Amino acid sequence: MQETKRQKQVGQLVQQELSDIFTRMGFNVTEGGMISISSVKMTPDLLEARVYLSMFQIKNPVEMLGRMNERMSEIRRDLGNRVGKQLRRVPELTFFLDDTLDHVFKMEELFKKINDDKPQQP
């Protein structure tokens, strides 16, 4: 089902505010890698936000996701302080790993391998 205009607006608002919160908490650059929010999808009732995180050069993404979940109450409280005037209720946050970047790198490696294996034409 396609997102409504309001779902998209609230998702963008939540994404912007979470990006600022992650920067303040030091999650955006950690352990020599980077974490960014690739997208936020809102449920139709706007009570749940599915936050898709892209992790670049993070050694153990699942462990990092666990650390973020441990600080969920702090993240949600900060989000509430920032969007409290625009939203009636602060959405519940659920973090997911976005592995799109991994797929891109795998495809690039495959294309490179195909080009390397291809015989050179004069």
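Given the structure is predicted, the values throughout are model-derived calculations rather than measurements.

Caption draft 1: A look at the overall build of the chain. Within the chain, the secondary structure is distributed over 4 helices and 4 strands. Along the chain, helices and strands appear, N-terminal first, in the series α-β-β-β-α-α-β-α. Computed over its C-alpha atoms, the radius of gyration of the chain comes to 18 Å, more than 25% above the 14 Å expected for a compact globule of 122 residues. Along the longest, intermediate and shortest principal axes, the C-alpha atoms of the chain span 65 × 35 × 20 Å. Each of the 122 residues in the chain was classed as buried or not, and the buried ones make up 32%.

Caption draft 2: Looking closely at the pattern of salt bridges. This model, assessed by the stated rule, comprises 7 salt bridges. Note that E63 is salt-bridged to R67, the shortest N-O span being 3.9 Å. Here R67 and E63 lie together in helix α2 (residues 61-70), a separation of 4 residues that amounts to about one turn. For E63, a relative accessible area of 45% puts it in the partly exposed group. Residue R76 is joined to E92 by a salt bridge in which the shortest nitrogen-to-oxygen separation is 3.3 Å. With R76 in helix α3 (residues 72-83) and E92 in strand β4 (residues 92-97), this pair connects stretches of sequence that are 16 residues apart. One connected set of salt bridges, linked through shared partners, spans E17, D20 and R82.

Caption draft 3: Region of interest: the environment of T94. Note that T94 resides in strand β4. Judged by its relative accessible area of 26%, T94 is partly exposed. Linking T94 and Y52, residues 42 residues apart in sequence, is a C-alpha distance of 8.5 Å. Discounting residues that sit within four places of it in the chain, T94 has contacts with E48, A49, R50 and V51.

Caption draft 4: Up close: the nonpolar core. Ranked by size, the top nonpolar core spans 28 residues in total, and within it L18, L53, M68, I75 and F95 carry the most contacts. Listing elements by their share of this core, those giving two or more residues are α1 (5-25), β2 (33-42), β3 (48-56), α2, α3 and β4. With 7 residues, α1 is the largest single contributor of residues to this core. With residues near it in sequence (within four places) discarded, I75 still touches L18, I21, F22, M25, F27, M68, L93 and F95.

Caption draft 5: Highlighting α1. With 21 residues, α1 extends 30 Å between its outermost C-alpha atoms, agreeing within 8% with the 30 Å of an ideal straight helix rising 1.5 Å per residue. Of the positions making up α1, those classed as buried are Q7, V10, G11, L13, V14, E17, L18, I21, F22 and M25. For α1, the angular spread of the buried residues around the axis is 165 degrees, confining them to a single face. Exposed residues pointing more than 90 degrees away from the buried face of α1 are listed as K5, Q12 and Q16. Check the buried side of α1 and you find it contacts β2, β3, α2, α3 and β4.

What counts and how
- Residues numbered from 1 in each chain as written.
- Predicted model: local features only at pLDDT ≥ 70, side-chain atom pairs only at ≥ 80, totals over all residues.
- Heavy atoms only, no water.
- Helix = DSSP H or I, 4+ residues; strand = E, 2+ residues; numbered from the N terminus.
- Rg over C-alpha atoms; globule rule 2.2 N^0.38 Å.
- Buried < 20%, exposed > 50% of the residue type's maximum accessible area, 1.4 Å probe, protein only.
- Salt bridge = Lys/Arg side-chain N within 4 Å of Asp/Glu carboxyl O.
- Contact = heavy atoms within 4.5 Å.
- Core = buried A, V, L, I, M, F, W, Y, C linked by side-chain atoms within 4.5 Å.
- Expected span 1.5 Å × (residues − 1).
- Arc of directions from axis to C-beta.

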